[in-house]
Amino acid sequence: MRIPRLLGWAPGVVVVVLLALLPWSALDVPGVLPGPLDSPGTLQVLAVCLVFAGLALSYDVLFGFTGLLSFGHALYFAVGVYVTAIALTRWHWALLPSAGLALGCGLVVAALVGAVSLRVRGIAFAMVTLAFAQAGSVLVVQDPLAVTGGEQGLGLDVGKVPDAFIGVLNTRNLYWLALALAVVVFLVVRLVTTSPAGHVWAAIRENEQRVTVLGLRSYPFKLIAFVVASTLATLCGVVYVLVVGGASVGVTTADFTLSLLVMVVLGGSGVRWGAMLGGFVYMLLDQRLGSLAGVGGVAALPGVLRVPLSQPLFLLGVLFVLVVMFLPGGLASLVRIRRTRRARDLPRRPLPEAEGV
Amino acid sequence: MSTVLVLAVTGLGLGALYFLIASGLSLIFGLMHVLNFAHGALLAVGAYLGWWVASHLDVAAGLRLLVAAAVGAVTAAALAALLELGLVRRLYQREIAQVLVTVGVGLALVALLQGIWGSDPKTYPVPHWMVETTTVGGAAIPHGRLVTIAVGLVVLGLFVLFLRRTRFGLVVRAGVENRAMVTALGIDVRRAFTLVFALGGAAAGLAGALAGAYFGSVTPQLGSSLLIYAFIVVVIGGLGSVTGSAIAAVLVGLLQQFTNYYAASGIGDLSVVLLLAVVLLVRPQGLLGRPV
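Along each chain, residue indices are assigned from 1 in the same order as the chain's sequence is written. Written order decides the labels, with chains lettered from A and ligands numbered from 1. In keeping with the model being predicted, local features are shown solely for residues with a pLDDT of at least 70 and side-chain atom pairs are shown and tallied solely at 80 or more, while totals for entire chains, interfaces and linings include all residues.

Enquirer: Kindly report on the overall build of chain B, identifying the contributing residues and their values.
Expert: What counts as a helix is a DSSP run of H or I of at least four residues, what counts as a strand is a run of E of at least two, and both are numbered from the N terminus. Within chain B, the secondary structure is distributed over twelve helices and four strands. Taking 292 residues into account, the globule formula puts the C-alpha radius of gyration at 19 Å, and chain B, at 19 Å, falls close to it. Principal-axis analysis of the C-alpha atoms places the extent of chain B at approximately 60 × 45 × 35 Å. In chain B, once contacts between residues fewer than 6 apart in sequence are set aside, the share between residues at least 24 apart is 77%. Our radius of gyration looks at C-alpha atoms and nothing else; its globule reference is 2.2 Å times the residue count to the power 0.38. Residue pairs qualify as contacts under a 7 Å threshold applied to their C-beta atoms, which are placed from the backbone.

Structure follows, in structure tokens:
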């Protein structure tokens, strides 16, 4: 039993090791990435992708694992981004206390908003979370305390950031930080979704009424899922602000949450690595499809084709619709289908040992 | 006093816009349990096509706005019907997937608008007389606001007439109550789906033209910013109730204007959120919704 279990971990470990070694490779992937793998530009793009892999997975804890459709996940990410940026830049705190404060704020906000919004279900829940996130967005834009920088956003004052995370040459450290974040989020989500509480989440997703009939109160379990997912999102926000070096209003909007939903469904909801893959691929496309338009082939096309092809969100939107229509399990289901097929085929073929006997 | 009057009229105008968007959303949700996230994009497409046609016409500004509104309503209705026939219908009984599809279409349409016309605001053709004001009780009221309110009232009247007096309206109302029963009685409720989508789209397209006149310009993101408040209006009013949407739209529009003016800019938006939270906690089904 022991060896197969280790084998189950093997693909993940290989991917992480490869990703960790990536800054030492000078491999060039033209078109997909801005430069060779070890160039700061590429590492920055990949770091953002990794942060979003973690963020998408944190959203999947709600959407895919517990069946809660929230439209306010951007709020907790934004808390991480803005509280860290404000503590570092306005109050000149050190990095660790700033990150700690951000996590604390994320936890408290999530507990409060979750406690209120989980009193309603389904679409009403989605709307309440949307409304709270909108309130957060309004607060950031209107900036009553003059700390967020409003529409302009807030550039990070690097004075208090450790030297290892500053400068173009240190982009690789930020990249490793993002990779570490993705791994941590994965491990935490794996831990909680395979715990007894995680099984109750799955039961709530499948049939909440039945959970209640079996004598469990679903409310505290949903609240735990909400707080865990939101706090993980806050953690992603803390790393994100370091990677991109500033906070902007875009991360507070409802559209931002919608893009998280798109990522999760694209990758495969309820599958841990699927959601991460979705986040990674979405951000890679979002950041790089725009530059595709500059490539000779597209620029030479007639306007009817060139205009849509030069809009990353148009392509992502269309891709998303296609996935929802024809591949309901997302990218992850491609592998799963193959696996189940293999599993189904297995008994038909005589096993090697069986032949020997 | 005059300030109160101006604020009230402005709030009602905003409420009329919210109502135009929310009425379609509410009917679609009531009948099909689909939150149409493409609704904001339909509004923006209507506004842009109306603007584009109108800017190529060499006629009086008033007529231009009329043409823009008509073109906007028709294109948005056609697009909405296409969306229903081409995508939403194929995902029958997969309600989450239906919502997701509208999210994708919304993303793609807004990006397309941005690709074609750029993200800078486009000045909307507003006839001069709409900007002029009439003094009522010491308050200078712009005519444009009154037009918006009037259109909102007319659309409300038409929706109520359609729902109460026509056969299709009967099917829609019955479908909101109990879709399975309507189908069991041998009525093809899917035709009502397409119709409701098209009607909602038409109202959204009209709202696009009016929003263009109201704000003076249109941007690709016009729809998504209005859509959030329209969602709030739909939920406060009660999902599936057009009259509820109208009442909630007026409440939200007025509340937003008055608090934005008397408290501080931005507080109005926050108080709307608060209103939603309070309504949902006290009365989860909304003002006129059926108990869930």
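So much for the structure itself; the text now carries on.
Enquirer: Provide a residue-level description of the overall build of chain A, including the pertinent values.
Expert: A count of helices and strands for chain A gives 16 helices and two strands. Residues classed as buried in chain A amount to 45% of the 357 residues present. Within chain A, contacts between residues at least 6 apart in sequence are counted, and of these 74% link residues at least 24 apart. Residues with at least 20 other C-beta atoms within 10 Å of their own are called buried, those with 12 or fewer are called exposed, and the rest are partly exposed. The C-beta atoms themselves are positioned from the backbone.

Enquirer: Can you lay out the confidence of the model for chain A for me, pointing to particular residues and giving the numbers?
Expert: Residues and elements named next belong to chain A. The share of residues in chain A with pLDDT of 70 or more is 89%, and the mean pLDDT across the chain is 85. What pLDDT conveys is the predictor's confidence in a given residue, as a value from 0 to 100. Within chain A, the lowest mean pLDDT, 37, falls on helix 16 (residues 352–356), and the highest, 95, falls on helix 9 (residues 218–244). Low pLDDT (under 50) marks residues 345–357, which in the prediction has one contact with non-local residues, meaning those over four places away or in another chain.

Enquirer: For helix 7 (residues 167–177) of chain B, give the residues involved together with the corresponding values.
Expert: Residue and element names in this part refer to chain B. Of all the residues in helix 7, the buried ones are Val171, Val172, Gly175 and Val176. The buried residues of helix 7 occupy one face: seen down the axis, they fall within an arc of 135 degrees. On its buried side, helix 7 packs onto helix 1 (2–32), helix 6 (143–165), helix 8 (179–184) and helix 9 (189–215). Directions are taken from the helix axis to each C-beta atom, and the arc is the one they span.

Enquirer: Please provide a residue-by-residue account of the interface of chain A and chain B, values included.
Expert: Often the size quoted for an interface is simply the accessible area lost on bringing the parts together. At the interface, 34 residues of chain A touch 31 residues of chain B. The residue makeup of the side of chain A that touches chain B, split by class, is 27 nonpolar, five polar and two charged. Each residue gets one label: Ala, Val, Leu, Ile, Met, Phe, Trp, Tyr, Cys and Pro are nonpolar, Asp, Glu, Lys and Arg are charged, and the others, such as Gly, are polar.

Enquirer: An account of the packing of helix 10 (residues 222–237) of chain B against helix 12 (residues 267–282) of chain B is requested, with residue identities and associated values reported.
Expert: Residue and element names in this part refer to chain B. Look at helix 10 against helix 12: their axes get within 10 Å of each other, and the N-to-C directions meet at 25 degrees. Here helix 10 lies roughly parallel to helix 12, going by the angle between them. Helix 10 and helix 12 meet at a crossing whose hand is left-handed. Of the residues in helix 12, those touching helix 10 at Tyr229, Ile232, Val235 and Ile236 are Val272, Leu275, Leu276, Val279 and Leu280. Across the contact of helix 10 with helix 12, the residue classes tally to nine nonpolar, no polar and no charged. Working convention: axes come from line fits to C-alpha atoms, limited for helices to the stretch in contact. Angles between N-to-C directions cover 0 to 180 degrees. Throughout, the term roughly parallel applies to angles under 35 degrees, roughly antiparallel to angles over 145, roughly perpendicular to angles from 65 to 115, and oblique to all others. Crossings are classed by handedness, with left-handed meaning an anticlockwise turn of the near helix from the far one by less than a right angle and right-handed meaning a clockwise turn.

Enquirer: Describe the pairing of strand 2 (residues 133–136) of chain B, listing the residues and the values that go with them.
Expert: All names here are of chain B. Two strands pair under a simple rule: DSSP has to find at least two bridges between them. Pairing of strand 2 with strand 3 (residues 139–142), which is carried by four bridges, proceeds in the antiparallel orientation. From the neighbouring strand, Val136 faces strand 3, where its bridge partner is Ala139. Here strand 2 hands over to strand 3 after two residues, with Gly137 in that stretch at a positive phi of 55 degrees.

Enquirer: Could you give me a rundown of the packing of helix 3 (residues 73–89) of chain A against helix 5 (residues 122–142) of chain A, with the residues and numbers involved?
Expert: A pair of packed helices is characterised by two quantities: the angle between their axes and the separation of those axes. Residues and elements named next belong to chain A. Remark: helix 3 packs on helix 5, axes separated minimally by 9 Å, with the N-to-C direction vectors making an angle of 30 degrees. One finds that helix 3 runs roughly parallel with respect to helix 5. Every residue of helix 5 that contacts helix 3 at Ala74, Leu75, Ala78 and Tyr82 is listed here: Phe132, Ala133, Gly136 and Val140. Partitioning the contact of helix 3 with helix 5 into residue classes produces seven nonpolar, one polar and no charged.

Enquirer: Provide a residue-level description of the environment of Ala53 of chain A, including the pertinent values.
Expert: All names here are of chain A. Looking at the secondary structure, you find Ala53 in helix 2 (residues 40–66). Separated by 226 residues in sequence, Ala53 and Gly279 place their C-alpha atoms 4.3 Å apart. Apart from the residues lying within four places of it in its own chain, the contact partners of Ala53 are Ala182, Met276, Gly279 and Phe280.

Enquirer: Break down helix 1 of chain B for me, citing the residues and quoting the values.
Expert: Residue and element names in this part refer to chain B. In this model, helix 1 (31 residues) spans 44 Å end to end at C-alpha, consistent with the 45 Å of a helix rising 1.5 Å per residue. In the structure, helix 1 departs most strongly from a straight axis at Ala22, where the bend amounts to approximately 30 degrees. Burial runs high along helix 1: 24 of the 31 residues are buried. The first or second residue beyond helix 1 is His33, which carries a positive phi of 60 degrees. Expected span of a helix: the number of residues minus one, times 1.5 Å. Bend, at a single residue, is the angle you get between axes fitted to the 7 residues ending at that residue and the 7 residues starting at it.

Enquirer: Describe the nonpolar core, with residues and values.
Expert: The nonpolar core is taken to be a set of buried Ala, Val, Leu, Ile, Met, Phe, Trp, Tyr and Cys residues joined by way of C-beta atoms within 7 Å. Judged by nonpolar contacts, the single largest core of 218 residues is most densely connected at Ile21, Ile232 and Leu276 of chain B. Residue contributions to this core peak at 18 residues, all from helix 2 of chain A. Other than its neighbours up to four places away in sequence, Leu276 of chain B contacts Met127, Val128 and Ala131 of chain A together with Ile232, Val235 and Ile236 of chain B.

Enquirer: Account for the confidence of the model for chain B, with residues named and values stated.
Expert: All names here are of chain B. On average, residues of chain B score 87 in pLDDT, and 99% of them reach the 70 mark or higher. Helix 11 (residues 242–262) holds the highest mean pLDDT among the elements of chain B, 92, whereas helix 5 (residues 128–131) holds the lowest, 77. In the predicted complex, the global pTM is 0.87; the interface-specific ipTM is 0.86.

Enquirer: Residue-level account of the environment of Asn170 of chain A, with values.
Expert: All names here are of chain A. Mapped onto the elements of the fold, Asn170 is located in the loop between strand 1 (154–155) and helix 6 (171–193). The class for Asn170 is partly exposed, based on 15 C-beta atoms found within 10 Å. Put simply, Asn170 and Ser39 are 131 residues apart on the chain and 11 Å apart in space, counted from C-alpha to C-alpha. If we skip the residues at most four places from it in the chain, Asn170 touches Ala164 and Phe165.

Enquirer: I'd like to hear about unusual backbone geometry, residue by residue, with values.
Expert: Residues and elements named next belong to chain A. You will see that His92, though not glycine, has its phi angle at about 55 degrees, which is positive. Mapping His92 onto the fold places it in the loop between helix 3 and helix 4 (95–117). Accessibility expressed as a C-beta count within 10 Å gives 11 for His92, which makes it exposed.

Enquirer: Please give an account of the environment of Thr129 of chain A that cites residues and values.
Expert: All names here are of chain A. Among the secondary structure elements, Thr129 is positioned in helix 5. Counting along the chain gives 116 residues from Thr129 to Gly245, while the straight-line C-alpha distance between them is 28 Å. Those residues in contact with Thr129 that sit more than four places away from it in its chain are Ser70, Phe71, Gly72 and Ser117.

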